[in-house]
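Survey of secondary and tertiary structure
These are the residues of each chain, in order.
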2 protein chains.
Amino acid sequence: MTKQHIYLNGRILLQEDAAISPLDIGLLRGYAVFDLLRTVNGRPFLLAEHLQRLRSSADKLGLAVSASDDEIAAVIDELLELNGHEEAAVRLVLTGGVSPDGLSFDPATPTFFILTHELHIPPASLYENGGALLTEKHKRELPGAKTTGYLTMLLNRDKTAEAGAMDLLYHDGEHVFEAASASVYFVRDGRIYAPADCVLWGTVGSLVLELAADEYEVVVGEIALADALAADEVFLTSTTRGVVPIVRLDDAPVGDGQPGPVTRDLMARWSDALARA
Amino acid sequence: MTKQHIYLNGRILLQEDAAISPLDIGLLRGYAVFDLLRTVNGRPFLLAEHLQRLRSSADKLGLAVSASDDEIAAVIDELLELNGHEEAAVRLVLTGGVSPDGLSFDPATPTFFILTHELHIPPASLYENGGALLTEKHKRELPGAKTTGYLTMLLNRDKTAEAGAMDLLYHDGEHVFEAASASVYFVRDGRIYAPADCVLWGTVGSLVLELAADEYEVVVGEIALADALAADEVFLTSTTRGVVPIVRLDDAPVGDGQPGPVTRDLMARWSDALARA
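Residues numbered from 1 in each chain as written. Chains lettered and ligands numbered in written order. Predicted model: local features only at pLDDT ≥ 70, side-chain atom pairs only at ≥ 80, totals over all residues.

1. Focus: the domain arrangement of chain A
Residues and elements named next belong to chain A. Assigned domains of chain A: these are domain 1 (5–118) and domain 2 (124–276). On a C-alpha basis, the centres of domain 1 and domain 2 stand 26 Å from each other. Facing 18 residues of domain 1, the contacting portion of domain 2 comprises twelve residues. Put simply, the parts of the chain that give the side of domain 1 that touches domain 2 at least two residues each are strand 3 (32–40) and helix 2 (47–60). Counted by class, the side of domain 1 that touches domain 2 contains nine nonpolar, four polar and five charged residues. (Domains from an automatic or database assignment. Contact = placed C-beta atoms within 7 Å. Helix = DSSP H or I, 4+ residues; strand = E, 2+ residues; numbered from the N terminus. Nonpolar A, V, L, I, M, F, W, Y, C, P; charged D, E, K, R; others polar.)

Given below as C-alpha cells:
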C-alpha cells in the first residue's frame, strides 16, 4: 500500500510520523469533535455541508476549526492525491489541544488533523434485502455535536454483530433518536417521519429529505418509540452507506420484512444524486 | 522545570518525544480508561487499589492492562525519580490501541501510558469553609468504569466556576450518583449514606468509610435526590482532594452552611491516615 499521509496542525506528513501528545485533552478527557465525508468519483462529496457541521460541532465545545474551508479543501485534495484511494473516507478531527494538567486547555491551540481511509461500501445484498437495528436505551452526551464519544456503540459491537444487526437505534424508552452512526427515518401511511430531538443533523439525510420533498410529506418532530416500532418502513442514511432499508428492529420485522416502496424510491433518488455528483 | 518523562507501551521516554497515533481508538472514539493516584511523602499512595480499579475499568471495556503490578510500580518509581515533583499525581491511561479504519481495533495491542503531574492540593480555606456543588442531570455512559468521557464536566466548567462551585453533582432527577470527578456522601441523623448505583468505586471514599465504620452507621444504596438535598452534611472524597466538606448545593446551604461534625471528624481521621502513610 502507498505510504499514507496525514494533515496535522498545518503540516502534511507521513501518518507514521504524526504524533499526538499523550496530554491531548481529546485523548485524556474525550474533548473532541470530528466529521467524516466520502469521495464520489474521487472528489469530496458534500464538502461544504460536512465542514459546516464540523464547525457547528466545534462551536458547541467552544472550539474553532484552525483552518479555512479553502485551506481544508486544498489539504484534502493533496491527501487524496498522495494516499491513492479508489474512493476515500476523509476524517477531520478537532480536539481542545494539549492539556498540561489533564484538565485545563487553551481553545486557541486546538489539535486538528485530517486523514483518509479507503471507503468501504456495504455489499449490494444489504440494499436488496435490508438491514437490522438493535434498539438501545441511550442518548449521546451532546447529541447536536459529532463528538468522539462512541463508547456505547463499541461496547455493543459483539451483541450487534451476533444479532446480525448493522447498528444500534438509540431511544430513551419513550422517543427514538438516531442510530449510533447514522440518521434514521420512519415511514407510515406514505409520510416520512424524521426525529428532531437529540439527533445529529445528517448531511445525507437532509439531502434525501430534500429529494423526497416533491413527492412525500415529511414530518419533523418527536417520534414515540411505539410509533417507530410500528412503522411501515424504516431506513437509515449515512455518509458511507447512503440510504439503507431497515427491515428488522430487534426481533420484529418492519412492515412485511422487505424494503418498502418509499425506501426503494428514495434509494433510487439517492443513486441519481450520486450519479450526478 | 526538569524535562518530563513518560512511560509509553513498554518504554520510558521524554514526554515531548512520546507519540500517540492519530488513529488511536482512544482519541477517535473515546475508547479508553484511566486512573489517577497521588503520592504521599513522594511514595505512591493506595497503589494496589488504583491498579485494581484500573484493571476493573479495563475489563469492562474488554481490555487488559499490558503490564504487571510490579512492572507498573517500578515504572512509577522511575518516573517520580526522573520528573522531580514535590508530590505527584500519577495518571495511567489505557486505550484500545491503533485503529486502521477508525472503528475496529485489536484489544491485544492496547495503548498504555503513565505520566506524572505536580500534585495540586486545594487551599486550606476549602477545608475550613467548605465547597459547593452544582447539581446536573447526567449519568456517565459506563459509570462503573473510569473512562475518559468528561464532556459534560468540561462543558460546564465556566458555569461551575462562575457559581463558585468545585464540581458537579450528577443525578437523574430521582436519585443522586456521584460528582463529576469525586465520590459524594450524605449525612443525616448521624448516619452516612453512600450512593451505590451509577457510581465509580472510590479509592479514598472506600477507605474513609472504613475509617468511619467503628463510629457511624454507613448505609449504601439508592439515595433520593430530595433526601440528598435535605442532608445535614455532605462531603466529597477524591484522590487529589481527600475529604472536602460541601456546604452548598446549587443556591441552598447544606445544613447550617458550615462543615458539620461528622465531616470534620472524618477529615481528621483521613489526615491521620495520610500521616501514617
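2. Quick word on the relation of the copies chain B and chain A
Between chain B and chain A, the superposition needs a rotation of 180° and an axial shift of 0.0 Å, giving an RMSD of 0.0 Å. One copy is carried onto the other by what is essentially a two-fold rotation axis. (Least-squares fit on C-alpha atoms with pLDDT ≥ 70 in both.)

3. Re the environment of R43 of chain A
Counting through the fold element by element, R43 of chain A comes out in strand 4 (residues 43–44). It is 16 Å that separates the C-alpha atoms of R43 of chain A and H120 of chain A, two residues lying 77 residues apart in sequence.

4. Digging into the environment of L207 of chain B
Residue and element names in this part refer to chain B. Topologically, L207 is positioned in helix 7 (residues 203–212). Residue L207 is classed as partly exposed on the basis of its C-beta count, with 17 C-beta atoms lying within 10 Å. C-alpha separation for the pair L207 and P100, spaced 107 residues apart in sequence, amounts to 42 Å. (Buried ≥ 20, exposed ≤ 12 C-beta atoms within 10 Å, placed from the backbone.)

5. Topic: helix 9 (residues 261–276) of chain A
Residue and element names in this part refer to chain A. Look at helix 9: 23 Å from first C-alpha to last across 16 residues, which is about the 22 Å you get at 1.5 Å a residue. Listed as buried for helix 9 are V262, T263 and L266. For helix 9, the arc enclosing every buried residue in end-on projection is 95°, short of the 170-degree limit, so these residues lie on one face. Those residues of helix 9 that are exposed and aimed more than 90 degrees away from the buried face are A268, D272 and A275. Structurally, helix 9 contributes buried residues whose contacts are with strand 10 (183–188), strand 11 (191–195), helix 7 (203–212), strand 13 (233–238) and strand 14 (242–249). (Expected span 1.5 Å × (residues − 1). Arc of directions from axis to C-beta.)

6. A closer look at the sheet that holds strand 6 (residues 111–118) of chain B
Backbone-to-backbone hydrogen bonds pair the strands of a sheet. The strands run either parallel or antiparallel. All names here are of chain B. The strand order 2-1-6-5-3-4 describes an open sheet built from six strands, whose pairing is antiparallel. Of all strands in the sheet, those with a lone pairing partner are strand 2 (11–14) and strand 4 (43–44), marking the two edges. As paired elements, strand 3 (residues 32–40) and strand 5 (residues 88–95) share seven bridges and run antiparallel to each other. Within strand 5, the position partnered with R38 by the bridge is A89. Packed onto the sheet, helix 2 (residues 47–60) meets strand 3, strand 4 and strand 5 and runs at close to 175° relative to strand 3. (Pairing = 2+ DSSP bridges. Axes fitted to C-alpha atoms, helices over the stretch in contact; angles between N-to-C directions.)

7. Some words on helix 2 of chain A
All names here are of chain A. For helix 2, which comprises 14 residues, the first-to-last C-alpha distance of 20 Å matches the rise-based estimate of 20 Å (1.5 Å per residue) to within 8%. The inward-facing, buried residues of helix 2 abut strand 3, helix 3 (69–83), strand 5 (88–95) and helix 7. Within two residues after helix 2, G62 carries a phi angle of roughly 70°, on the positive side.

8. Here's the deal with the packing of helix 7 of chain B against helix 9 (residues 261–276) of chain B
Residue and element names in this part refer to chain B. For the pair helix 7 and helix 9, interaxial distance at closest approach is 10 Å and the crossing angle is 110°. Looking at the two axes, helix 7 sits roughly perpendicular to helix 9. Across the interface between the two elements, L207, V208, L211 and A212 of helix 7 pack against L266, R269, W270 and A273 of helix 9. Partitioning the contact of helix 7 with helix 9 into residue classes produces seven nonpolar, no polar and one charged. (Parallel < 35°, antiparallel > 145°, perpendicular 65-115°, else oblique.)

9. So, the sheet that holds strand 5 of chain A
Residue and element names in this part refer to chain A. Pairing is antiparallel across the open sheet formed by six strands, whose spatial order is 2-1-6-5-3-4. Looking at strand neighbours, the two that pair on one side only are strand 2 (11–14) and strand 4, the edges of this open sheet. Across two bridges, the pairing between strand 1 (residues 5–8) and strand 6 (residues 111–118) is antiparallel. Opposite Y7, over in strand 6, you have I114 as the bridge partner. Those strands touched by helix 3 are strand 1, strand 2, strand 3, strand 4, strand 5 and strand 6, and its axis lies near 40° from that of strand 6.

10. Here we look at the interface of chain B and chain A
Taken together, the 30 residues of chain B in the interface contact 30 residues of chain A. Of all the secondary-structure elements, those providing two or more residues to the side of chain B that touches chain A are strand 1 (5–8), helix 1 (25–28), strand 5, strand 6 and helix 5 (151–155) of chain B. Sorting elements by how many residues they give to the side of chain B that touches chain A places helix 5 of chain B first, with four residues. Tallied by class, residues from the side of chain B that touches chain A come to 17 nonpolar, eight polar and five charged.

11. Considering the environment of L23 of chain B
Among the secondary structure elements, L23 of chain B is positioned in the loop between strand 2 and helix 1. Along the sequence, L23 of chain B and R140 of chain B sit 117 residues apart, while their C-alpha atoms lie 25 Å from each other.

12. Focus on the pairing of strand 1 of chain B
Residues and elements named next belong to chain B. Along strand 1, one buried face is formed by H5 and Y7 and the opposite face, lined by I6 and L8, is buried too. Of the pairings in the sheet, the one linking strand 1 to strand 2 comprises four bridges and is antiparallel in character. By the bridge assignment for strand 2, I6 is matched with L13. Linking two consecutive strands that pair antiparallel, namely strand 1 and strand 2, is a turn of two residues; a positive phi of about 50° is found at N9 within it.

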